[in-house]
Amino acid sequence: LAAEPYAHMGLSRSSQKKYDEALAYWLKAVKNDPEDIGYRVNLGRAYAQVGQKDEALAQWEAVLSCSGVRVRTAVRTGLGAGNGTSQNRSRVGAS
């Protein structure tokens, strides 16, 4: 399956404050597209929302290990605006 439907469900569950369910969907999104930065940012957010701070930091560190302006934009968008899917399709490991 494609990752995007899982990402949309993760956003939906998060907006409903069903954080455990959101986490499960974000895990599936990242499993299906592990290089998508937006998915990893939101997986980190979901981990933080359920109190799993170490796991959240691990996801965000993976994102920050990338280089380039597109990555900074994806992180800013994902963390600041609550935007779920990665519109710029930045990839982990891509510059």
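Residues numbered from 1 in each chain as written. Predicted model: local features only at pLDDT ≥ 70, side-chain atom pairs only at ≥ 80, totals over all residues. Heavy atoms only, no water.

Caption draft 1: Representation of the nonpolar core in the model. By size, the foremost hydrophobic cluster in this structure holds 14 residues, and its most contacted members are Ala7, Leu23, Trp26, Ala29, Tyr39, Leu43 and Tyr47. Discounting residues that sit within four places of it in the chain, Tyr47 has contacts with Leu23, Leu27, Gln52, Glu55, Ala56 and Gln59. (Core = buried A, V, L, I, M, F, W, Y, C linked by side-chain atoms within 4.5 Å. Buried < 20%, exposed > 50% of the residue type's maximum accessible area, 1.4 Å probe, protein only. Contact = heavy atoms within 4.5 Å.)

Caption draft 2: Expanded view of the packing of helix 3 (residues 37-49) against helix 4 (residues 53-64). At a minimum axis separation of 7 Å, helix 3 and helix 4 run at an interaxial angle of 160 degrees. The orientation of helix 3 with respect to helix 4, classified from their angle, is roughly antiparallel. Every pair of crossing elements has a handedness; the one defined by helix 3 and helix 4 is left-handed. Of helix 4, the residues touching helix 3 (which contributes Ile37, Arg40, Val41, Leu43, Gly44, Arg45, Tyr47 and Ala48) are Lys53, Glu55, Ala56, Gln59, Trp60, Ala62 and Val63. Looking at side-chain class alone, the contact of helix 3 with helix 4 contains nine nonpolar, two polar and four charged residues. (Axes fitted to C-alpha atoms, helices over the stretch in contact; angles between N-to-C directions. Helix = DSSP H or I, 4+ residues; strand = E, 2+ residues; numbered from the N terminus. Parallel < 35°, antiparallel > 145°, perpendicular 65-115°, else oblique. Left-handed = near helix turned anticlockwise from the far one by under 90°. Nonpolar A, V, L, I, M, F, W, Y, C, P; charged D, E, K, R; others polar.)

Caption draft 3: Quick peek at unusual backbone geometry. In this structure, Lys17 is a non-glycine residue whose phi angle is positive, near 60 degrees. Note that Lys17 resides in the loop between helix 1 (4-15) and helix 2 (19-32). Lys17 gets classed as exposed once you look at its relative accessible area, which sits at 62%.

Caption draft 4: Main features of the environment of Ala7. Along the polypeptide, Ala7 turns up in helix 1. Ala7 sits in the buried class, given a relative accessible area of 0%. Ala7 sits 15 residues away from Ala22 along the chain, and the two C-alpha atoms are 8.7 Å apart.

Caption draft 5: Structural context of the packing of aromatic side chains. All chains considered together, the criterion is met by one aromatic pair. With 6.2 Å between their ring centres and 45 degrees between their planes, Trp26 and Tyr39 make a pair best called tilted. Separated by 13 residues along the polypeptide, Trp26 in helix 2 and Tyr39 in helix 3 bring together distant segments of the chain. In this pair, the class of Trp26 matches that of Tyr39, namely buried. (Phe/Tyr/Trp six-rings, centres within 6.5 Å; stacked < 30°, edge-to-face > 60°.)

Purely spatial values, then, with no claim about function.
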